[in-house]
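In case you want the letters, here they are:
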Number of protein chains: 2
Amino acid sequence: MKIPAVKGTRDFYPEDMAVRNWIIDGWKRVSLRNGFEEYDGPIFEYLTMFQIKSGEEIIEQLFSLKDRGGRDLALRPEITPTLARMVNQRINSLPKPIKWFSVPRLFRAERPQKGRLREFFQWNVDIIGVENGLGECRADAEVIFTTVDYLRQVGLTSEDIKVKISSRELLASYLRSLGTPEDKLESIYTVLDKKNKLPPETFAQMLGEQVADNKIVNKILDFMTVDSMPQLEELVKVKSESGEYSPYLDIRCVLDDLDMMGVGDFCVYDPSIVRGLAYYTGIVFEVHDVGGGLRAICGGGRYNNLLRDFGGPPISGTGMGMGDCVLEILLKQKGLLAKQVPKRQVDYFVTCIGAIGKEAWRVIAKLRSMGYSANFSYKMGGLSRQLKEASAQNAKKCIIIGEEELKEDKIRVKDMATGNQELVDVDEFLSKLTSA
Amino acid sequence: MKIPAVKGTRDFYPEDMAVRNWIIDGWKRVSLRNGFEEYDGPIFEYLTMFQIKSGEEIIEQLFSLKDRGGRDLALRPEITPTLARMVNQRINSLPKPIKWFSVPRLFRAERPQKGRLREFFQWNVDIIGVENGLGECRADAEVIFTTVDYLRQVGLTSEDIKVKISSRELLASYLRSLGTPEDKLESIYTVLDKKNKLPPETFAQMLGEQVADNKIVNKILDFMTVDSMPQLEELVKVKSESGEYSPYLDIRCVLDDLDMMGVGDFCVYDPSIVRGLAYYTGIVFEVHDVGGGLRAICGGGRYNNLLRDFGGPPISGTGMGMGDCVLEILLKQKGLLAKQVPKRQVDYFVTCIGAIGKEAWRVIAKLRSMGYSANFSYKMGGLSRQLKEASAQNAKKCIIIGEEELKEDKIRVKDMATGNQELVDVDEFLSKLTSA
């Protein structure tokens, strides 16, 4: 009986696993060096968890299941609700700010497309509990820096990718200044979030369905095409003129911090970034390939009400999520996978002239216990066949155990790169091994 | 709105994640040094996958769900069916033997108990495609060696744990010699597998329900109490006397190989090991704590029909699965977690006298890009508060950036262990950093 894999899932054969591990290990290493600690939650949560503050799109795409008591569960489509739950559970004992990262496996029951699978990995970094406005901007900047730190590390440059930064708060204050009622904001965000995915006419029409006044529609469309900070400053100043704090300053501050951190060339203001998730309240951002052929590589932003919405105190947070699918496509396009993902290697391949015996086992067991990878042939072929198998496994060295040499307690060590062979005393060889 | 986690799942706070990572990294490292390559499959498969050859117990405990087309899926309760599917898909192109490992997250919808959760991690190693009898024993031995190599590495000795080895084939041939019909074997296995979990009377009674003849019941009970190889040899010889190949020889051969590999003191013959899964055909084994207070730490065995049962060719396999829950309990009991799981550390904590500015960002960004973990304070407190925060994060060194020193392009580097401070040129310090 032959059963296929479920569509939209992936089988990770060793060569695929090498790519996945390389990506995930990189995420982890960069998170740690940026001062984040790792956490994780369960693969499934009560269904209601994801109905509180996730975007419409996510809710429609949940994989739901039931526990034995008939309670509704769902496979996690994102980890932020779990993060909110976990932080709320220990809100008093956790030192602030909380700088955490995670690499959850996530699930969406949507039709599989290029860069969108039903099952994927997502790198998440979050900073929760920074208490003042200046600190909040710095936290937003640090999340973005960490993101760029990774993307730069794997070889992407500011010619390849851009971090497009905007602010929900700025957008809200602009929409309010045009007389938009509070309860209309979220449905307008949903439309604005689609700007880059729709033809301009369709977009304008959809916006018209949310905003009756055509003059206001045009003003929103103008706002959405601002593409520099001076242009934005002018527009916002004209609109507020109060000299008070303005969400414009947040963007300015985040961009300045990123500049000081040395990644300013990756970052631009872009009002078309709105994000689909309902919980964002301030700075929002996405990383896009400059070529523009792909979906967003990652996205994130500030969510100052999320912990409260999940039954906790009103503590601010900011974070980022990066999936593995689009990233992998981009890295492959740029030729950055082939030259960086490590190839399979074996430190030692132990070959025997004659039957594999006690001495071979002793050598293999000792090599392994010292931390060296060691393999041998199951095929019971001659030496040349065994050496071929060693080459196929990319062995660095071969041990050749021959009955004649063994009589004098000696074995041969062959360097597979140079072909050089050395005859050595077996006990001396084993005792001289230093931990790998 | 406060929503709890689902019962039987775990939240991994950073200190829990450190334990999980330490266990899983150890599994991976030992697998690689034993010559295994990593693979993984999807979290869910079509439900029918798990109905083919898994044990009764597993089928009852599946978390099932549906895809958008209404097809029945299940969260994987084990990875072996996925392994069979993946190997069958590429059976002609994969070099044999296939030595693969995986660390899948698995799911069972059972009532949570000590050491049994609804969601857990399981280390799997498998060797598929070894073609002759002697090689098969060697593969069984290598799987067991790899298991012990890990357990020994984390500090467990042969005083703490024993590998109990038996053979389904030997059991079958013994049962056949007593006149047991072929179609009765599996239901008898199911009873025998419960021997150590039931009071002796209940066990004898359940066996009596499967085997009508009381004399035969007693013979089976005798067989199940054999506890040494000489005793077994006598019993099996008396029964067969043909001088032909006997499954007894497999056990002998596996034990001899394990002895040559230097782990003989961990291994014993134990007929009470039967294993619940329906797909085992030869050698079976479990690792138990000598104290006996815990469930099996791991189990495995030979499955020579599995690939064929999943629509592939009749290729032999052998493997092992070890969950993280019982292992963690045992390691905690033995005090082996506390002294081995690494504590959180930060390489550098960058402090500022006065506001954090361009120079601090430059230092932090450079340290991170060189691979050092670097943090700073979000709290905007004085130097002593910042140094306290650095201590709480277990920082190895602190950088102190003061406005006065900066005028001369200097910063202080404080060793947190010794308390020593050094005044250094900032550019020189940064340019001298070697990759972490």
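Residues numbered from 1 in each chain as written. Chains lettered and ligands numbered in written order. Predicted model: local features only at pLDDT ≥ 70, side-chain atom pairs only at ≥ 80, totals over all residues.

### Let's talk about the overall build of chain A
Right, on to step 1. For chain A, the count of helices and strands is 16 helices and 17 strands.
Right, on to step 2. Against the 2.2 N^0.38 benchmark of 22 Å for 436 residues, chain A shows a C-alpha radius of gyration of 28 Å, more extended than a compact globule.
Right, on to step 3. Oriented by its inertia axes, the alpha-carbon framework of chain A measures out at about 95 × 55 × 50 Å.
Right, on to step 4. Of the contacts made within chain A by residues no fewer than 6 positions apart, 67% connect residues no fewer than 24 positions apart. (Helix = DSSP H or I, 4+ residues; strand = E, 2+ residues; numbered from the N terminus. Rg over C-alpha atoms; globule rule 2.2 N^0.38 Å. Contact = placed C-beta atoms within 7 Å.)

### Brief notes about the nonpolar core
Right, on to step 1. Ile165(A), Val350(A), Ile144(B), Ile165(B), Leu258(B) and Val350(B) are the most contacted members of the largest nonpolar core, which totals 223 residues.
Right, on to step 2. Ignoring any residue separated from it by four or fewer positions in sequence, one finds Leu258(B) in contact with Ala141(B), Ile144(B), Phe145(B), Val263(B), Gly264(B) and Cys267(B). (Core = buried A, V, L, I, M, F, W, Y, C linked by C-beta atoms within 7 Å. Buried ≥ 20, exposed ≤ 12 C-beta atoms within 10 Å, placed from the backbone.)

### So, the domain arrangement of chain A
Right, on to step 1. Structurally, chain A comprises domain 1 (14-333) and domain 2 (346-432).
Right, on to step 2. Taken over C-alpha atoms, the centre of domain 1 of chain A sits 53 Å from the centre of domain 2 of chain A. (Domains from an automatic or database assignment.)

### Remarks on unusual backbone geometry
Right, on to step 1. The linkage connecting Lys96(A) with the following residue, Pro97(A), adopts the cis geometry, with an omega of -10°.
Right, on to step 2. When you line up the elements, Pro97(A) lands in the loop between helix H3 (80-89) and strand E5 (98-102).
Right, on to step 3. Phi is positive for Asn394(B), close to 60°, though the residue is something other than glycine.

### Here's the deal with the sheet that holds strand E14 (residues 374-376) of chain B
Residues and elements named next belong to chain B.
Right, on to step 1. Pairing is mixed across the open sheet formed by five strands, whose spatial order is E14-E13-E15-E16-E17. Looking at strand neighbours, the two that pair on one side only are E14 and strand E17 (421-425), the edges of this open sheet. Across the sheet, the mean angle from the axis of one strand to that of its neighbour is 30°, orientation sign disregarded.
Right, on to step 2. Direction of pairing for strand E16 (residues 410-415) relative to E17: antiparallel, over a ladder of five bridges. Across the sheet, the residue bridging to Ile-411 is Val-424, located in E17.
Right, on to step 3. Here helix H14 (residues 383-392) sits on the sheet in contact with strand E13 (346-353) and strand E15 (395-402), set at roughly 170° to E13. (Pairing = 2+ DSSP bridges. Axes fitted to C-alpha atoms, helices over the stretch in contact; angles between N-to-C directions.)

### Looking at the confidence of the model for chain A
Keep in mind that low pLDDT regions are not for reading the predicted coordinates in detail.
Right, on to step 1. Across chain A, the average pLDDT comes to 92, with 97% of residues at or above 70.
Right, on to step 2. What the predictor reports for the complex is a pTM of 0.95 with an ipTM of 0.94. (pLDDT = per-residue confidence, 0-100.)

### Thoughts on the relation of the copies chain A and chain B
These two copies of the chain differ by a rotation about an axis and a displacement along the same axis.
Right, on to step 1. Each copy of the sequence occupies a distinct position, and chain A is placed on chain B by a rotation of 180° and an axial shift of 0.0 Å, giving an RMSD of 0.0 Å. As the rotation angle and translation indicate, the two copies are arranged about a two-fold axis. For chain A, the minimum C-alpha distance to the rotation axis belongs to Leu65(A) and amounts to 2.6 Å.
Right, on to step 2. With an isologous cut-off of 70% or more, the 99% of interface residues of chain A that recur at the interface of chain B puts this contact in the isologous class. (Least-squares fit on C-alpha atoms with pLDDT ≥ 70 in both.)

### Focus on the pairing of strand E10 (residues 283-289) of chain A
All names here are of chain A.
Right, on to step 1. With six of seven residues buried, E10 lies mostly within the body of the structure.
Right, on to step 2. Judged from the seven bridges that link them, strand E8 (residues 161-167) and E10 form a sheet pairing that is antiparallel. If you follow Ile-161 over to E10, its bridge partner there is Asp-289.
Right, on to step 3. Pairing geometry for E10 and strand E11 (residues 298-302), over four bridges, is antiparallel. Across the sheet, the residue bridging to Glu-286 is Gly-299, located in E11.

### Some remarks on the sheet that holds strand E17 (residues 421-425) of chain A
Adjacent strands of a sheet form backbone hydrogen bonds with each other and so pair up, either parallel or antiparallel.
All names here are of chain A.
Right, on to step 1. Spatially, the five strands line up as an open sheet ordered E14-E13-E15-E16-E17, and their pairing is mixed. Only two strands of the sheet have a single neighbouring strand rather than two, namely strand E14 (374-376) and E17. Across the sheet, the mean angle separating the axes of adjacent strands is 30° when strand polarity is ignored.
Right, on to step 2. With three bridges connecting them, strand E13 (residues 346-353) and E14 associate as parallel partners. Across the sheet, Phe-349 pairs through a bridge with Asn-375, a residue of E14.

### As for helix H10 (residues 247-260) of chain A
All names here are of chain A.
Right, on to step 1. In this model H10 runs 20 Å from its N-terminal to its C-terminal C-alpha over 14 residues, within 8% of the 20 Å that 1.5 Å per residue would give.
Right, on to step 2. Every buried residue of H10 is listed here: Pro-247, Tyr-248, Asp-250, Ile-251, Val-254, Asp-257 and Leu-258.
Right, on to step 3. At the C-terminal side of H10, Gly-262 shows a positive phi close to 85°. (Expected span 1.5 Å × (residues − 1).)

### Things to note about the packing of helix H5 (residues 168-177) of chain B against helix H10 (residues 247-260) of chain B
Residue and element names in this part refer to chain B.
Right, on to step 1. Interaxial distance between H5 and H10 falls to 8 Å at its minimum, and their mutual angle equals 155°. On the basis of the axis angle, H5 is roughly antiparallel to H10. For the pair H5 and H10, the sense of crossing is left-handed. When H5 is examined against H10, the residues Glu-169, Leu-170 and Ser-173 are found in contact with a partner set consisting of Pro-247, Tyr-248, Asp-250 and Ile-251.
Right, on to step 2. Looking at side-chain class alone, the contact of H5 with H10 contains four nonpolar, one polar and two charged residues. (Parallel < 35°, antiparallel > 145°, perpendicular 65-115°, else oblique. Left-handed = near helix turned anticlockwise from the far one by under 90°. Nonpolar A, V, L, I, M, F, W, Y, C, P; charged D, E, K, R; others polar.)

### Observations concerning the interface of chain A and chain B
Right, on to step 1. If you look at the interface, chain A gives 69 residues, while chain B gives 68 residues.
Right, on to step 2. If one sorts the elements of the side of chain A that touches chain B by residue count, helix H13 (residues 358-369) of chain A sits on top with six residues.
Right, on to step 3. Its residues assigned to classes, the side of chain A that touches chain B shows 35 nonpolar, 14 polar and 20 charged.

### Remarks on the pairing of strand E4 (residues 72-75) of chain B
Residues and elements named next belong to chain B.
Right, on to step 1. Of the pairings in the sheet, the one linking strand E2 (residues 44-46) to E4 comprises three bridges and is antiparallel in character. By the bridge assignment, Glu-45 is partnered in E4 with Ala-74.
Right, on to step 2. In terms of strand pairing, strand E3 (residues 64-66) meets E4 through three bridges, oriented antiparallel. Bridge assignment links Leu-65 to a residue of E4, and that residue is Leu-73.
Right, on to step 3. The hairpin formed by E3 and E4 contains five residues between the paired strands, and Gly-70 there has a positive phi angle of roughly 85°.

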